[in-house]
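Listed below, chain by chain, are the residues.
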Amino acid sequence: MEQKNYKTKTKDLINEFILKHHDVTFTAAEISEYLKKCDSTVNVTTVYRNIDRLVEKGILIKRKSDNEDAAQFQVVSEDSDCEHHIHLQCSECGKLLHMECDFMDEMQEHLMKDHGFFLDCRQSVLKGLCENCRKK
């Protein structure tokens, strides 16, 4: 039996949060905190259930955080193919960039040919400083 997809205030607020954070990674705890600020009394299980649905639909990517205490989530950009490029994340501001260039094909070929290694780009993030944070 297929589950109906109801429109709720919680889903609307989660979608609002995601739209505001489309270019950074975030945690379920950050979404929960946002919901509290919006006077929504939703338990964390509901937040995780909604996030899991968005991951299943391919709207979010789930990956382990640096300290592995919590999962981090990233919005899959409609105009980019996150399965075929690495993500660059600023260690200072958290901004997430999509490395969409011909170099990605060369790098993936090199990794497979010379190292026998297949790169899972959806899970790959290189950390560094974005242009704005370097200028500060």
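Model, not experiment: these values are computed from the prediction. (Residues numbered from 1 in each chain as written. Predicted model: local features only at pLDDT ≥ 70, side-chain atom pairs only at ≥ 80, totals over all residues. Heavy atoms only, no water.)

Before going further, it helps to examine the nonpolar core. By size, the foremost hydrophobic cluster in this structure holds 15 residues, and its most contacted members are I18, F26, I31, I51 and L60. Among the secondary structure elements, those contributing two or more residues to this core are α1 (9-20), α2 (28-37), α3 (44-56) and β2 (71-75). Core analysis: the second largest hydrophobic core is formed by seven residues, M99, M104, M107 and L119 among them. (Core = buried A, V, L, I, M, F, W, Y, C linked by side-chain atoms within 4.5 Å. Buried < 20%, exposed > 50% of the residue type's maximum accessible area, 1.4 Å probe, protein only. Helix = DSSP H or I, 4+ residues; strand = E, 2+ residues; numbered from the N terminus.)

What follows is about the pattern of salt bridges. In total, this model carries two salt bridges according to the counting rule given. E16 is paired through a salt bridge with K20; the nearest N and O atoms lie 3.8 Å apart. Of this pair, E16 and K20 both sit in helix α1, four residues apart, which is roughly one turn of that helix. E131 is the salt-bridge partner of K135, the closest N and O atoms lying 3.3 Å from each other. One end of the pair, K135, and the other, E131, are both in helix α5 (residues 131-135), four residues apart, so they sit about a helical turn from each other. (Salt bridge = Lys/Arg side-chain N within 4 Å of Asp/Glu carboxyl O.)

Take α2 next. If you check which residues of α2 are buried, you get A28, I31, S32, Y34 and L35. Down the axis of α2, the smallest arc covering the buried residues is 160 degrees, so these residues share one side. Residues of α2 that are exposed and point more than 90 degrees away from the buried face comprise A29, K36 and K37. Residues of α2 that are buried make contact with α1, α3 and β2. Of the residues one or two after α2, D39 is the one with positive phi, at around 60 degrees. (Arc of directions from axis to C-beta. Contact = heavy atoms within 4.5 Å.)

We now examine unusual backbone geometry. Most peptide bonds take the trans configuration, and most residues that are not glycine carry a negative phi. A positive phi angle is found at D39, which is not glycine, with a value near 60 degrees. Here D39 lies in the loop between α2 and α3. Judged by relative accessible area, D39 falls into the exposed class, the value being 67%.

Let us look at a negative patch on the surface. Taken together, the side chains of D102, D105, E106 and E109 define an acidic patch exposed on the protein surface. Structurally, D105 is set in helix α4 (residues 102-115). (Patch = residues over 30% accessible without salt bridge, like charges linked within 9 Å, V, L, I, M, F, W, Y side chains within 5 Å. Areas by Shrake-Rupley, 256 points an atom, 1.4 Å probe, with all protein chains shown as cover. Lys, Arg positive; Asp, Glu negative; His and termini not counted. Charge placed at Lys NZ, Arg CZ, Asp CG, Glu CD.)

Let's shift gears to the packing of α2 against α3. Interhelical geometry of α2 versus α3 gives an angle of 120 degrees and a closest axis separation of 10 Å. By the criterion of interaxial angle, the relationship of α2 to α3 is oblique. Classified by chirality, the crossing of α3 by α2 is right-handed. When α2 is examined against α3, the residues A28, I31, S32 and L35 are found in contact with a partner set consisting of V44, V47, Y48 and I51. Residues that form the contact of α2 with α3 fall into these classes: seven nonpolar, one polar and no charged. (Axes fitted to C-alpha atoms, helices over the stretch in contact; angles between N-to-C directions. Parallel < 35°, antiparallel > 145°, perpendicular 65-115°, else oblique. Left-handed = near helix turned anticlockwise from the far one by under 90°. Nonpolar A, V, L, I, M, F, W, Y, C, P; charged D, E, K, R; others polar.)

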